2 protein chains.
Amino acid sequence: MFETAELGHKIAKSKYKTDEPILREALLDVQFDLAEAKKFPVVILIGGVDGAGKGETANILNEWMDPRHINTHAFGAATQEESQRPPMWRFWRALPPKGEIGIFFGSWYTAPIIKRCYGETNKSELQKSLEDIVDFERMLTDEGVVLIKFWFHLSKDKQKNRIKELQKNPKTSWRVTEQDLAHLKLYDKFKDISGYALRETSTGNAPWIVIEGYDANYRNLTAGNYILEAIKKRLQNSNEKIRKTNTPPLLQPIDNLQILNALNLGQTIKKTSYKSQLEKFQGQLNLLTRHAKFKDISSIIAFEGADAAGKGGSIRRITQAIDARIYNIIPTAAPTQEELAQPYLWRFWRQVPGKGRLTIYDRTWYGRVLVERVEGFCSEQDWLRAYAEINHFESQLVENNTSLIKFWMQISPEEQLKRFEERQKISFKRFKITDEDWRNREKWDQYQAAASDMIERTSTEIAPWHLIESNDKYFARIKILKTVCNELERRLDSL
Amino acid sequence: MFETAELGHKIAKSKYKTDEPILREALLDVQFDLAEAKKFPVVILIGGVDGAGKGETANILNEWMDPRHINTHAFGAATQEESQRPPMWRFWRALPPKGEIGIFFGSWYTAPIIKRCYGETNKSELQKSLEDIVDFERMLTDEGVVLIKFWFHLSKDKQKNRIKELQKNPKTSWRVTEQDLAHLKLYDKFKDISGYALRETSTGNAPWIVIEGYDANYRNLTAGNYILEAIKKRLQNSNEKIRKTNTPPLLQPIDNLQILNALNLGQTIKKTSYKSQLEKFQGQLNLLTRHAKFKDISSIIAFEGADAAGKGGSIRRITQAIDARIYNIIPTAAPTQEELAQPYLWRFWRQVPGKGRLTIYDRTWYGRVLVERVEGFCSEQDWLRAYAEINHFESQLVENNTSLIKFWMQISPEEQLKRFEERQKISFKRFKITDEDWRNREKWDQYQAAASDMIERTSTEIAPWHLIESNDKYFARIKILKTVCNELERRLDSL
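About the cut-offs
- Residues numbered from 1 in each chain as written.
- Chains lettered and ligands numbered in written order.
- Predicted model: local features only at pLDDT ≥ 70, side-chain atom pairs only at ≥ 80, totals over all residues.
- Heavy atoms only, no water.
- Helix = DSSP H or I, 4+ residues; strand = E, 2+ residues; numbered from the N terminus.
- Contact = heavy atoms within 4.5 Å.
- Lys, Arg positive; Asp, Glu negative; His and termini not counted.
- Charge placed at Lys NZ, Arg CZ, Asp CG, Glu CD.
- pLDDT = per-residue confidence, 0-100.
- Axes fitted to C-alpha atoms, helices over the stretch in contact; angles between N-to-C directions.
- Parallel < 35°, antiparallel > 145°, perpendicular 65-115°, else oblique.
- Left-handed = near helix turned anticlockwise from the far one by under 90°.
- Nonpolar A, V, L, I, M, F, W, Y, C, P; charged D, E, K, R; others polar.
- Pairing = 2+ DSSP bridges.
- Expected span 1.5 Å × (residues − 1).
- Buried < 20%, exposed > 50% of the residue type's maximum accessible area, 1.4 Å probe, protein only.
- Phe/Tyr/Trp six-rings, centres within 6.5 Å; stacked < 30°, edge-to-face > 60°.
- Lys NZ or Arg CZ within 6 Å of the ring centre and 35° of its normal.
- Buried area = accessible area lost by both parts, 1.4 Å probe.
- Salt bridge = Lys/Arg side-chain N within 4 Å of Asp/Glu carboxyl O.
- Polar contact = N/O pair within 3.5 Å; in protein donor to acceptor, adjacent residues only side chain to side chain.

> For this particular structure, what's the right way to read the overall build of chain A?
Along its length, chain A carries 20 helices and ten strands. When the backbone C-alpha atoms are referred to their principal axes, chain A occupies close to 85 × 50 × 40 Å. Put simply, 82% of the contacts in chain A that link residues at least 6 apart link residues at least 24 apart. Within chain A, one finds 75 positive and 67 negative side-chain charges whose respective centroids are separated by 4 Å.

> Quick question: what am I supposed to make of the confidence of the model for chain A here?
The pLDDT averaged across chain A works out to 90; a share of 96% of its residues lies at or above 70. Here the predicted complex scores 0.83 on pTM and 0.78 on ipTM.

> Honestly, the packing of helix H2 (residues 54-64) of chain B against helix H10 (residues 216-237) of chain B in this entry has me stumped. Any pointers?
Residue and element names in this part refer to chain B. As a packed pair, H2 and H10 sit with axes 10 Å apart at the nearest point and diverge in direction by 55 degrees. Taken together, H2 and H10 sit at an angle that is classed as oblique. For the pair H2 and H10, the sense of crossing is right-handed. Each of Glu56, Thr57, Ile60, Leu61 and Trp64 in H2 lies in contact with H10, whose residues at this interface are Arg219, Asn220, Leu221, Ala223, Gly224 and Ile227. A class-by-class count of the residues in the contact of H2 with H10 yields six nonpolar, three polar and two charged.

> Help me understand the sheet that holds strand E5 (residues 208-212) of chain B in this model?
The strands that make up a sheet pair up through hydrogen bonds in the backbone, lying either parallel or antiparallel. Residues and elements named next belong to chain B. One open sheet holds the five strands; their spatial order is E2-E3-E1-E4-E5, and the pairing between them is parallel. A single partner strand is all that each edge strand has here, and the edge strands are strand E2 (70-74) and E5. Put simply, the sheet's adjacent strands are angled 20 degrees from each other on average, direction ignored. Taken together, the five bridges between strand E1 (residues 42-48) and strand E3 (residues 101-105) define a ladder with parallel strand orientation. Bridge pairing in E3 places Val42 opposite Ile101.

> Any chance you could explain helix H19 (residues 444-458) of chain B here in plain terms?
Residue and element names in this part refer to chain B. When the terminal C-alpha atoms of H19 are compared, their 21 Å separation across 15 residues agrees well with the 21 Å that a helix rising 1.5 Å per residue should span. A large share of H19 lies buried, amounting to eleven of its 15 residues. Restricting attention to buried positions, one finds in H19 the residues Trp444, Tyr447, Gln448, Ala449, Ala450, Ala451, Ser452, Asp453, Met454, Ile455 and Thr458. Those residues of H19 hidden inside the fold are in contact with helix H15 (371-374), helix H16 (380-399), strand E9 (402-410), helix H17 (413-425), helix H18 (435-442) and strand E10 (465-469).

> Sorry, what's going on with the packing of aromatic side chains here?
What characterises a pair of aromatic rings is the spacing of the ring centres plus the angle enclosed by the ring planes. Residues and elements named next belong to chain B. With the rule as written, the count across this model stands at 46 aromatic pairs over all chains. Relative to Phe393, the ring of Trp349 lies with its centre 5.2 Å away and its plane at 50 degrees, an arrangement referred to as tilted. Of this pair, Trp349 sits in helix H14 (residues 346-349) while Phe393 is found in helix H16, placing the two residues 44 residues apart along the sequence. Across the pair, Phe393 and Trp349 agree in class, each one buried. Both rings, one in Trp365 and one in Phe393, keep their centres 5.2 Å apart while their planes meet at 90 degrees; by these two values the pair is edge-to-face. Remark: Phe393 occurs in helix H16 and Trp365 occurs in the loop between strand E8 (358-362) and H15; sequence separation between them is 28 residues. Of the residues examined, Trp365 reaches a relative accessible area of 1% and is grouped as buried. Against the face of Tyr196 rests Lys123, its NZ or CZ located 4.7 Å from the ring centre. Sitting above the plane of the Trp383 ring, Arg373 keeps its charged end 4.1 Å from the centroid.

> What's the story with the interface of chain B and chain A in this structure? I'm lost.
Accessible area lost on assembly of the parts is the figure often given for the size of an interface. Of the residues lining the interface, 50 residues belong to chain B; the matching set on chain A comes to 50 residues. Carbon and sulfur atoms supply 47% of the area buried between chain B and chain A, which totals about 4,600 Å² over both sides. Summed over the three residues of chain B that lose the most area to chain A, namely Arg68(B), Arg325(B) and Arg430(B), the buried surface amounts to 15% of that side. Linking chain B with chain A are six salt bridges. In this structure, Arg350(A) and Glu338(B) form a salt bridge, with 3.0 Å as the shortest nitrogen-oxygen distance. The tally of links between chain B and chain A comes to 20 residue pairs in polar contact (both at pLDDT 80 or more). Elements with a minimum of two residues in the side of chain B that touches chain A: helix H1 (13-37), H2, E2, helix H3 (80-83), helix H12 (311-319), strand E7 (327-331) and helix H13 (337-340) of chain B. Residue classes in the side of chain B that touches chain A are distributed as 15 nonpolar, 14 polar and 21 charged.

> Please clarify how the sheet that holds strand E9 (residues 402-410) of chain A should be interpreted in this entry.
Residue and element names in this part refer to chain A. Taken in spatial order, the five strands line up as E7-E8-E6-E9-E10 in an open sheet, and their pairing is parallel. Lying at the two open borders of the sheet, with one neighbouring strand each, are strand E7 (327-331) and strand E10 (465-469). In this sheet, adjacent strand axes meet at a mean angle of 20 degrees when their direction is disregarded. Bridge count for strand E6 (residues 298-305) against strand E8 (residues 358-362) is five bridges, and the pairing is parallel. Each residue of the ladder has a partner; that of Ala302, found in E8, is Tyr361.

> Mind showing me how you'd approach unusual backbone geometry here?
At Arg363(A), a position not held by glycine, the phi torsion is positive, near 70 degrees. Relative to the assigned elements, Arg363(A) resides in the loop between E8 and helix H15 (371-374). The class for Arg363(A) is partly exposed, based on a relative accessible area of 29%. Of note in this structure, Lys38(B) is not a glycine but carries a positive phi near 50 degrees.

> Is there a simple way to think about the pattern of salt bridges in this case?
Pairs can form between side chains of opposite charge once their charged atoms are near each other. All names here are of chain A. Overall, the coordinates contain 69 salt bridges over all chains when judged by the stated rule. In this structure, the salt-bridge partner of Arg363 is Asp307, at a minimum N-O distance of 2.8 Å. Here Arg363, found in the loop between E8 and H15, pairs with Asp307, found in the loop between E6 and helix H12 (311-319); they are 56 residues apart in sequence, far enough to count as distant. Taking relative accessible area as the criterion, Asp307 reaches 16% and is therefore assigned buried. Residue Arg419 is joined to Glu415 by a salt bridge in which the shortest nitrogen-to-oxygen separation is 2.8 Å. Remark: Glu415 and Arg419 occur in helix H17 (residues 413-425); sequence separation between them is four residues, near one turn of the helix. Glu415 shares its class with Arg419; the two are buried.

Quick look at the structure:
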């Protein structure tokens, strides 16, 4: 991986003096086009060995380009708010919006590589981290992010020299830290492990660019030219239809027997039984949220289902049992301007709860494979890849001690019609049935097919779908409350 | 303040049973209208003595209304990110957008009252905090926020009873904390101090509503009815033009001698001198950002000035000297959808830097008294009150150890014309002069008058304006760099 980065690359001062102003001008131009087009963001990762010019590169890029549209992030120790959430949360919150450039100094690679160097993880744990990274980066590039990954390399001798030089000069000696000296001792190990990590994560959509870091002129021009070409190329392509649309179709059962129409929707509960069970499970839920360990987990309850399936009413039966200071409800509507300038999962990452908190989503990230799929708001490619992206998102939540409980509330089309007609009779404005509701109803079969695919492809062991037969509201609410209690209990007991 | 809240208010169970469903329905209706109109947010503060039903009120409001459009915030100890910023930052970030309801459990009153009770502050410090609160709340209500402040009160005897009741019942005994018992001992002191605080901050735009908290029926109906009426009234008024427009004009000097046209714009620096001074001050600035105490302060540099005054070039001369991982540049453009749903200072609060960080604003919160005033984007009332609001914002920054450095870059209209014409000749897209630039130029005198008012009214001792004669770019850049160095040095020395 590092062979050509130990050849002693060098650019003569005279050539640099000629080339630098031209490159600089071209970079400013392309950055301007990027900001005007607002079609995609650029993320530049800066990694590599100490002393190879990582900081200098971040600085020169800010000097060459318009720093008002560059955001440089150095990721040190996680803050309190960050450490309560999955490790990727801090990177999600730092993502640049479309049209902007983010320079990430230290990235999602830092922890996996360093931990392995210090023997805190074993090889298969490193391998798992790298696979997660490949998934994450594929999502980013599929979402249109131009992801540039620079690795600045120095041979062992050159690194020693560089550190000596820095130490000698009183103006730069402060830059050599204890940690640098410790890392130098680990040079061979670090090279092996980072080489492995780079090979495993150098994908077609996001290849690693290894640059020899000893000669500043070579380093700067190489990095600058690469950025220039990468943005240029994407700007040219962004007007073309680059996504293939000849994706294979999903399998639809010929006999129309789907998981959703196989449910027994005739199940009911009598009112008296409902009242006593409601009280019982709400009491149990209240106790669970006051459990000593509830502060150590995050909780998410996700609701999906057709219009009028009873999501709102079920949510109220949950929140009635819980102190208002603990929960937060997110009604998922059309994305805002700021959300549209980001990958589609960004808006849900934003709301991920900290420890001891419960977030309830009234409709969720599954919008991509339901409404966006059926209404054609995204391409087939986009919703097809979403299944894996969502599973990946959810596995990060669960690994971070989140109790993630997902409900699909199923009603029959006849029951929906009955509820729509009832709502039209009553005067409560909030239950008004809109034209859109009727239009969605016409696509009932398409929505059901999409939901069936969704359940099949995202019902994982760690985050299964709970299917709720909801023609009878009492039955649905009790089944939901009982499930929430069981799931929370299971999670709390597992700690 | 608490006399009528010790009378033993009570509502019979039968009356509650009749009134509650009606109130509930009305609240849901008005909440629906609020969410549909999206014209203003509602903030409900819940304060008072322990055991007076604060938590229960938050819960019942969530139960009565649609909890999907209510956000309940309990403010405990500040998180790491919060404690690095001015105390009000955590409340700014929790403000609900237009159309939503925020319930604040604990608020900006908690710390001032509690600190005074425990003798950590003296009376004049409390007084100062309360004056700040009055300013802040006036800003909120002027921005359209419906601010409802509930104080739940119990007489001393009733509080003792309540705590005993809670302790006796095994289901509720967990709710009585050590802190509650400690607070009970301080009852008289707490009553005196909170009474004083309530009187000082019960203003026409945001009066305190004191509610006797012993009887849950009385408490719930009183709070619910008040919220209902408050939102209803505002919804009715929000279509009317309620703001008076007959505000007194500002004084304009008859002889047209303003602070800005009194500047000597003929000052220049020769190129050789520029080069050596640039190097000198950039070196000094670099050292200052590596000063041991730089990590203990936050830094903000704010730029204002006419188009083509040289703001961008000056910013680059600053950032060249600083590690890219330290700073962040905010180019202030038109607000986003999320920003428009909040008070106008919200977008700047969002970006307030933590410790050891520098934020550079290319145009700032002064937009309200410059472009928004001149172009009529806000009402006269709005920009007139902005001077005091901005001073208040800045004083909070400075009190929180922020080095706040503000620059006004002044050029002559002739110099601007020259620069515009030069830019039209060159091919760099990023320097393109737009029609809007020419239109703004036509309003030169209006902008100058607005800037003169701004400088006069917001050049405070703690955050003075630095006026930069900018017809000569070299002169301007050196004066700016030198000022930044001096100001940072002064702040670092003062620690």
